[in-house]
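Here's the letter readout for the chains.
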Amino acid sequence: MHVSAPTLNQDPQDMIAEAEKALHDIAQIREQIATTIFGQEDVIERTLLAVLAGGHALLVGVPGLAKTKLVETLGTVLGLDGQRIQFTPDLMPSDIIGSEVMDQDESGKRSFRYIKGPVFTQLLMADEINRASPRTQSALLQAMQEYHVTVAGQRHDLPAPFHVLATQNPLEQEGTYPLPEAQLDRFLMQIDILYPELDAERRILLETTGTSNAKAEAVITAQRLQEMQALIRRMPVTDSVVDAILTLVRSARPDSDNDHARKNIAWGPGPRASQALMLCARARALYHGRFAPSIDDVKALAEPVLQHRMALNFAARADGLHVRDVIADLVKAAV
């Protein structure tokens, strides 16, 4: 059986030992997150997968669903330095990446000094990112993709690891600016957060309205997270999984051989979607205690990886179709 090139020189026993250690760490991470976030297992899993895969995630949900709490808890449990930016219409790019100020020393000599912005952190929460203007949103583009910013012609590298977890309210559209497709494509996944189940909401009610609240504790360090991310990139991937990813992503384009896609899709995902599916499928396999991804991982991740990378045409929207419905049909036909 053919496997992906990065694993050909990997000692299988060493990789198994690393994977077992990672599984132990993941179990502890999940246990700590569960002390403050109740229910929402799918949301927690997908958010963790995005971080383990080394990428960014867009959390979409109405207010009050613990999006901010989840990001704060993740930063604590993963041992990452965190910053939070509340996006507003008057937020400027310099409020994110920083700016130069003029200093004067005792001799009267003047010089510019760069003051770093909140983007210089390991886990950045971009709260209500769609409330900022496109100019400010674009300030994150280079940081999210290139992991550095440029100010006054000088490059400034961001800390490693660097992850952006952005939140977005899907209901209120007044005073908001939809994220451009180029920036949406930088997110590995769009994670939809739904209302909690009854039992989870009951626990939220009982445990968060008393005199004390549980607090999560650090489980790993930033360096350990990077080791786990490197392990995921070395995991073997069979030809059948690679073919399933390519078939699914290519079928989601309007020029594909799929009649459903040609009829309903205005524009579809590019190669970055295939890369995201590959990394997230590997991360999901490890998350569930397996040493290599399967086609089931591709199916499970199709919606969060593809839904923000494609759009329906007018006719499909007029018929009441949602992009999730189209993806579900494509998964059945292609995978």
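Because the structure is a prediction, the values reported are computed rather than measured.

### Things to note about the overall build of the protein
Helix and strand counts for the protein stand at 15 helices and eleven strands. Computed over its C-alpha atoms, the radius of gyration of the protein comes to 21 Å, within 12% of the 20 Å expected for a compact globule of 335 residues. With respect to the three principal axes, the spread of C-alpha positions in the protein is 70 × 50 × 50 Å. The buried share among the 335 residues of the protein stands at 48%. Partitioning the intrachain contacts of the protein with sequence separation of at least 6 by distance along the chain shows that 78% fall at a separation of at least 24.

### Concerning a negative patch on the surface
A cluster of like negative charges, contributed by Glu 41, Asp 42, Glu 197 and Asp 199, occupies part of the molecular surface. One can find Asp 199 in helix α8 (residues 198–207).

### Section: the nonpolar core
Core analysis: the biggest nonpolar cluster contains 72 residues, and Leu 248 and Met 310 have the highest contact counts within it. Ranked by residues supplied to this core, first place goes to helix α12 (residues 271–287) with ten residues. Excluding residues within four positions of it along the chain, Leu 248 makes contact with Leu 277, Val 298, Ala 302, Leu 306, Leu 330, Val 331, Ala 334 and Val 335. Residues Val 60, Ile 129, Ala 143 and Val 149 belong to the second largest nonpolar core, which totals 27 residues.

### Topic: the environment of Leu 306
With respect to the helices and strands, the residue Leu 306 is situated in helix α13 (residues 295–306). Not counting the four nearest positions on each side in its chain, Leu 306 is found in contact with Leu 248, Val 249, Pro 269, Ala 273 and Ile 327.

Definitions and cut-offs
Residues numbered from 1 in each chain as written. Predicted model: local features only at pLDDT ≥ 70, side-chain atom pairs only at ≥ 80, totals over all residues. Heavy atoms only, no water. Helix = DSSP H or I, 4+ residues; strand = E, 2+ residues; numbered from the N terminus. Rg over C-alpha atoms; globule rule 2.2 N^0.38 Å. Buried < 20%, exposed > 50% of the residue type's maximum accessible area, 1.4 Å probe, protein only. Contact = heavy atoms within 4.5 Å. Patch = residues over 30% accessible without salt bridge, like charges linked within 9 Å, V, L, I, M, F, W, Y side chains within 5 Å. Areas by Shrake-Rupley, 256 points an atom, 1.4 Å probe, with all protein chains shown as cover. Salt bridge = Lys/Arg side-chain N within 4 Å of Asp/Glu carboxyl O. Lys, Arg positive; Asp, Glu negative; His and termini not counted. Charge placed at Lys NZ, Arg CZ, Asp CG, Glu CD. Core = buried A, V, L, I, M, F, W, Y, C linked by side-chain atoms within 4.5 Å.

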